[in-house]
Amino acid sequence: AKGETGDVGEKGDTGADGEKGEAGMPGEKGEQGDKGGPGIDGNIFRIKAESGQPIPPEYYIWIEIINTVLETTEFGDKGEPGPQGPEGAKGAKGEPGDNGVPGTPGENGTPGTDGIPGDQGPPGEDGAKGAQGAKGDTGAPGTDGEKGDKGEKGETGQKGLAGIQGEKGEPGVDGAKGDKGPDGDCQPDDYTPCNCDTHVLVKHSQTLDAPECPTDFEALWSGYSLVFFEGNGYGLSQDLGSAGSCLEEFQLVPFMQCSSSDVCRHGVRTDKSFWLAVGLDADFTVKPMTSIDEIQSHISRCRVCVGTKYVLTRHSFTGEKPECPNNFHEVWNGYSYLMVTSSGTSGGGQDLASSGSCLENFHLPTFIECLGRGTCAYYINNLDYWLAQNPDITQPGMWGMGNVYSGLDDILDQGVSRCTVCARDTI
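Conventions used here
Residues numbered from 1 in each chain as written. Predicted model: local features only at pLDDT ≥ 70, side-chain atom pairs only at ≥ 80, totals over all residues. Heavy atoms only, no water. Buried < 20%, exposed > 50% of the residue type's maximum accessible area, 1.4 Å probe, protein only. Helix = DSSP H or I, 4+ residues; strand = E, 2+ residues; numbered from the N terminus. Pairing = 2+ DSSP bridges. Arc of directions from axis to C-beta. Contact = heavy atoms within 4.5 Å. Phe/Tyr/Trp six-rings, centres within 6.5 Å; stacked < 30°, edge-to-face > 60°. Core = buried A, V, L, I, M, F, W, Y, C linked by side-chain atoms within 4.5 Å. 1 Å grid on protein atoms, 1.4 Å probe; cavity = no way out; pocket = protein on both sides within 12 Å on 5 of 7 lines; lining within 4 Å. Points joined across faces, edges and corners; volume = space filled by probe spheres on them. Nonpolar A, V, L, I, M, F, W, Y, C, P; charged D, E, K, R; others polar.

Colleague: What exactly am I supposed to notice about the pairing of strand 13 (residues 367-371) here?
Modeller: Along any regular strand the residues' side chains alternate between the sheet's two faces. Counting buried positions over the five residues of strand 13 gives five, a clear majority of the element. Burial along strand 13 is two-sided: the residues Phe367, Glu369 and Leu371 and Ile368 and Cys370 are all buried. As paired strands, strand 7 (residues 272-276) and strand 13 are joined by five bridges and run antiparallel to one another. Note that in strand 13 the partner of Trp275 across the bridge is Ile368. Counting the residues between successive antiparallel strands, the hairpin from strand 13 to strand 14 (residues 375-377) contains three residues, one of them, Gly374, with a positive phi of roughly 100 degrees.

Colleague: Hey, could you run me through helix 3 (residues 408-415) in this one?
Modeller: Because each turn of an α-helix spans 3.6 residues, side chains separated by three or four positions end up pointing in the same direction. Ile411, Leu412 and Gly415 are the residues of helix 3 that are buried. Each buried residue of helix 3 lies within a common arc of 115 degrees when the element is viewed along its axis, so the set occupies one face. In helix 3, the exposed positions angled more than 90 degrees off the buried face are occupied by Asp409 and Asp413. Looking at the buried positions of helix 3, the neighbouring elements they touch are strand 10 (328-341) and strand 16 (418-424).

Colleague: Mind showing me how you'd approach the pairing of strand 7 here?
Modeller: With respect to burial, strand 7 is a largely interior element, five of its five residues being buried. Residues of strand 7 alternate between two faces, with Lys272, Phe274 and Leu276 on one and Ser273 and Trp275 on the opposite face, all of them buried. The pairing of strand 2 (residues 218-231) with strand 7 spans four bridges and is classified as antiparallel. Residue pairing across strands places Leu226 opposite Trp275, the latter belonging to strand 7.

Colleague: In this structure, what is going on with the packing of aromatic side chains? I would like to understand it.
Modeller: In this description, a pair of aromatic rings is defined by centroid distance and the angle of the planes. In this structure the tally under the stated criterion is nine aromatic pairs. Relative to Phe274, the ring of Phe228 lies with its centre 4.0 Å away and its plane at 5 degrees, an arrangement referred to as stacked. Taken together, the residues span a long stretch of sequence, with Phe228 in strand 2 and Phe274 in strand 7 at a distance of 46 residues. What makes Phe228 buried here is its relative accessible area of 0%.

Colleague: I tried to follow the nonpolar core on my own but got confused; where do I start?
Modeller: Buried together is how nonpolar side chains tend to be arranged in soluble globular proteins. Counting 15 residues, the largest nonpolar core has Val227, Tyr337, Phe362 and Trp386 as its most contacted members. Going through the elements one at a time, strand 2, strand 7, strand 10 and helix 3 are the ones with two or more residues in this core. Here the element with the most residues in this core is strand 10; it accounts for three residues. Here Tyr337 is in contact with Leu240, Gln350, Leu352, Gly356, Ser357, Leu359, Thr366, Phe367, Asp384, Tyr385 and Trp386, once residues within four sequence places are set aside. Counting residues in hydrophobic clusters, the runner-up holds 14 residues, among them Ala277, Ile299, Ile368 and Cys376.

Colleague: How should I be thinking about unusual backbone geometry in this particular structure?
Modeller: Leave glycine aside and you will find that most residues have negative phi; peptide bonds, for their part, are mostly trans. Along the chain, Leu364 connects to Pro365 via a cis peptide bond; the corresponding omega equals -5 degrees. Locating Pro365 in the fold gives a position in the loop between strand 12 (358-359) and strand 13. The backbone of Asp216 sits at a positive phi, close to 75 degrees, despite the residue not being glycine. As for its position among the elements, Asp216 is in the loop between strand 1 (199-204) and strand 2. Residue Asp216 is classed as partly exposed on the basis of its relative accessible area, which comes to 43%.

Colleague: What is the right way to look at empty space enclosed by the protein in this model?
Modeller: Picture a little ball the size of a water molecule; that probe, rolled over the atoms, points out where space is still empty. Considering all chains together, one arrives at one cavity of 30 Å³ or more under this definition. Of the voids in this model, the largest cavity is the one considered here, and its volume is about 50 Å³. Lining the largest cavity are Val202, Lys203, His204, Leu240, Trp332, Ser355, Gly356, Cys358, Leu359 and Glu360. For the lining of the largest cavity, the elements supplying multiple residues, two or more each, are strand 1 and strand 12. At three residues, the largest contribution of residues to the lining of the largest cavity is made by strand 1. Here the residues of the lining of the largest cavity sort into five nonpolar, three polar and two charged.

The structure is reproduced here in structure tokens:
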């Protein structure tokens, strides 16, 4: 028969270790650990070898430890800034800083009081000879000198003008009866024209020099060559063969504008004067001239002459100067000048029988414009008109119609007509 269960025996000895089990499943990531305490003094990693000796093996052991720590350690996030530490000890004195920027100059001080006058110095040395002084004023006239010796006989003067015919004399006493003359032919008496009248001739040089009067003419005055005026948009021309075209004084605008209210204005901006030019190059792009000396260097000079010879002008309408009529001789020849125009309806012309319609020089532009505001210039809208050549007399007015002459050579050879100023021969 089965007996009763015995008492529990004593604990047996520890058995031998079993075989290593298989790796378990990766565990979940643990929570972030607490912030570690301060590390050990870094000097522990300084492993120095003695001079000339190889690096001890501990160096490599530390390298392995450091690598293992870096590979297996997960670094925590950067902590919040700690409280401000106590004030550090005063640092050593720094190096001197760079030089500062110069300050602004201070205000001028108040003038000092005058010093005590010094003693008079010794006389200075004689200075150098001064420059010659300006010429003194003309002295008072001296006393008349003694009468000089009789001078030599002068040269014969020019022939004077023909005198004016005298008044009719008293009837003379009847003379004795003459002998009977031979039988004559029945025909009218010869006509002898009177040469007692005087005639004015004006010559324009179109240069800065006043021209000389022709032979048998005497000079009355010289001046500046005026072409025409313009006031309030209306023009008044001056025949260049009349004395009115040669003004003795030059003014930009030599007239004034007057109203019925007893008021006159000189130099109104809209008033203009036009003068014969000297043929300088015209630059239409420059500002108008304001200097009176510069302006006068562009104005032609003229001379008014008087004589007893009748003067007329003849035009050829060709490139050749015309011959003077019988009993006339040439005074000068030139180019047939007709008229000028400015802006709007302003302008003026020449009497083609007058010597003013025959200019000795062909200049473009022929004239210069001056304004009441005090300036003079050449303007592109100022136009000159000249008589044109018409050599084909079988078709009057048709030759050259519509032609354009470009360049001075073409204008002179094919375009502008020639003329001659003639004076009546003395009989």
